[in-house]
Amino acid sequence: MAIEIRNVSKSFGRTKALDNINIKFDEGGISGLFGNNGAGKTTLFNIIANRIYPSVGEVFIDGESVADNDHALGKIFMLSDANLYPDDMRVKRAFKVTSLFYKDFDLQYALELAERFSLKTNKKIASLSTGYASLFIIIIALSVNVPYLLLDEPVLGLDAQNRDLFYKLLLEKYGKHPCTIIISTHLIQEVSALIDQTVIIRNGYIIKNQSRDELLSSGYTISGPAALVDEYVIGRPVLSVQNLGGLKTACLSGKPDSDDIPEGLEAGSFDLQEYFIQLMNGEGSK
């Protein structure tokens, strides 16, 4: 039971969006798919959901090709900012229509969530603000109960309160209806505590595919007076350096030796967003 992406490449004219992607998302667990703008995240999601075809390669759901395969595609729901419903359709009607295509869609739960998020179900979809349009599709994603859930920038346009509620509801859903969830977002710090697996894509290539804990244990920070930090990092694999007045923080790969930390310096751990930034800067992947 898994999503398997085999030798997938995708080009748009002369632009190669994905280049020979091979990755497997096993049943269960929450994965984060991270990358900078134009890295290929949305393209990969669209190929998995059969919204676009790969130039080369194939995607399989539980061993079945997704290409024009309604049985396999019925196991996936992709949340994105693309509105696939008629503009004049009202929210409540859209919930009912969705229940015709997804047999496990929980209509009552969707209506309850609409009330919790203060989304008026008599509103036309086209009239919804960016935030409420995101809430509309979030409610469907949380109610659809499929084995595989793809969330592409799910909190786009949401305020902090609604983002927090969404994350709580997502974990609640995962606890009650275990499934495979893949989240693509730029708000890495917000989802760091949710995810088990970290997949990082850059320029159409997968450059990291590790558990979150393994990835974060692969580096550390050293902070303190600039002169002491400069002396400490000599001959060590430095990923980046930040200065603040007379203080300095260096990010290094590997693990610190606690007996080797001079007095006046402090060793710390990476956070996921910090590590991602180093990779996007072309430092951490070397």
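Above this text is the structure in question.
Residues numbered from 1 in each chain as written. Predicted model: local features only at pLDDT ≥ 70, side-chain atom pairs only at ≥ 80, totals over all residues. Heavy atoms only, no water.

(A) Main features of the overall build of the protein chain. Scanning the protein chain from terminus to terminus reveals 10 helices and 14 strands. If you line up the protein chain on its principal axes, its C-alpha atoms span 65 × 45 × 35 Å. Expressed as a percentage of its 286 residues, the buried residues of the protein chain come to 48%. Within the protein chain, counting contacts between residues at least 6 apart in sequence, those at least 24 apart form 67% of the total. Accessible surface computed for the protein chain: about 14,100 Å², of which carbon and sulfur atoms make up 48%. For the protein chain, the centre of its 28 positive side-chain charges and the centre of its 35 negative side-chain charges are spaced 8 Å apart. (Helix = DSSP H or I, 4+ residues; strand = E, 2+ residues; numbered from the N terminus. Buried < 20%, exposed > 50% of the residue type's maximum accessible area, 1.4 Å probe, protein only. Contact = heavy atoms within 4.5 Å. Areas by Shrake-Rupley, 256 points an atom, 1.4 Å probe, with all protein chains shown as cover. Lys, Arg positive; Asp, Glu negative; His and termini not counted. Charge placed at Lys NZ, Arg CZ, Asp CG, Glu CD.)

(B) View of the sheet that holds strand β7 (residues 148-152). Spatially, β6-β7-β8-β3-β9-β10 is the arrangement adopted by the six strands of the open sheet, whose pairing is mixed. Edge positions in the sheet fall to β6 (76-79) and β10 (205-211), since each of these pairs with one other strand and no more. Averaged over all adjacent pairs, the angle separating strand axes in this sheet is 15°, with direction ignored. Along the sheet, helix α6 (residues 160-176) makes contact with β3 (30-34), β7 and β8 (180-184), crossing β7 at roughly 170°. Along the sheet, helix α10 (residues 272-280) makes contact with β3, β9 (197-202) and β10, crossing β9 at roughly 25°. (Pairing = 2+ DSSP bridges. Axes fitted to C-alpha atoms, helices over the stretch in contact; angles between N-to-C directions.)

(C) Main features of the environment of Ile200. Within the element layout of this structure, Ile200 appears in strand β9. Residues Ile200 and Val241, spaced 41 residues apart in sequence, show a C-alpha to C-alpha distance of 22 Å. Those residues in contact with Ile200 that sit more than four places away from it in its chain are Phe34, Tyr205, Ile206, Ile207, Lys208, Leu215, Phe276, Leu279 and Met280.

(D) Representation of the sheet that holds strand β14 (residues 266-269). With antiparallel pairing, four strands are arranged side by side in an open sheet as β12-β13-β11-β14. Because the sheet does not close on itself, it has two edges, and the strands there are β12 (238-244) and β14. Going from strand to strand, the sheet's axes swing by 20° on average, the running direction of each strand aside. Bridging between β12 and strand β13 (residues 247-253) involves six bridges; their strand directions are antiparallel. For Val241, the partnering residue across the bridge sits in β13 and is Ala250.

(E) Up close: the pairing of β9. With five of its six residues buried, β9 lies for the most part within the structure. Of the pairings in the sheet, the one linking β9 to β10 comprises six bridges and is antiparallel in character. Residue Arg202 lies in a different strand from β10, and its bridge partner there is Tyr205. Hairpin connection between β9 and β10: a loop of two residues separates the two successive antiparallel strands, and Asn203 in this loop has a positive phi of roughly 55°.

(F) Spotlight on α10. α10 sits mainly inside the fold: seven of its nine residues count as buried. Where α10 is concerned, the buried positions are Leu272, Glu274, Tyr275, Phe276, Gln278, Leu279 and Met280. Put simply, Asp271 is the residue that caps the front of α10, since its side-chain oxygen is 3.3 Å from the backbone nitrogen of Gln273. (Polar contact = N/O pair within 3.5 Å; in protein donor to acceptor, adjacent residues only side chain to side chain.)

(G) Inspection of the nonpolar core at higher detail. Counting 57 residues, the largest nonpolar core has Phe77, Phe95, Phe136, Leu151 and Leu170 as its most contacted members. When residues in this core are grouped by element, the largest group, eight residues, is from helix α5 (residues 130-143). Grouped together as the second largest cluster of nonpolar side chains are 26 residues, Ile3, Phe25, Ala39 and Tyr148 included. (Core = buried A, V, L, I, M, F, W, Y, C linked by side-chain atoms within 4.5 Å.)

(H) Expanded view of the packing of helix α3 (residues 91-101) against α5. Their axes nearest at 11 Å, the elements α3 and α5 cross at an angle of 30°. The orientation of α3 relative to α5 falls into the category roughly parallel. The two elements α3 and α5 meet at a crossing, and its hand is right-handed. Residues Val91, Ala94, Phe95 and Thr98 of α3 form the contact with α5, whose participating residues are Phe136, Ile139 and Ile140. Partitioned by chemical class, the residues of the contact of α3 with α5 number six nonpolar, one polar and no charged. (Parallel < 35°, antiparallel > 145°, perpendicular 65-115°, else oblique. Left-handed = near helix turned anticlockwise from the far one by under 90°. Nonpolar A, V, L, I, M, F, W, Y, C, P; charged D, E, K, R; others polar.)

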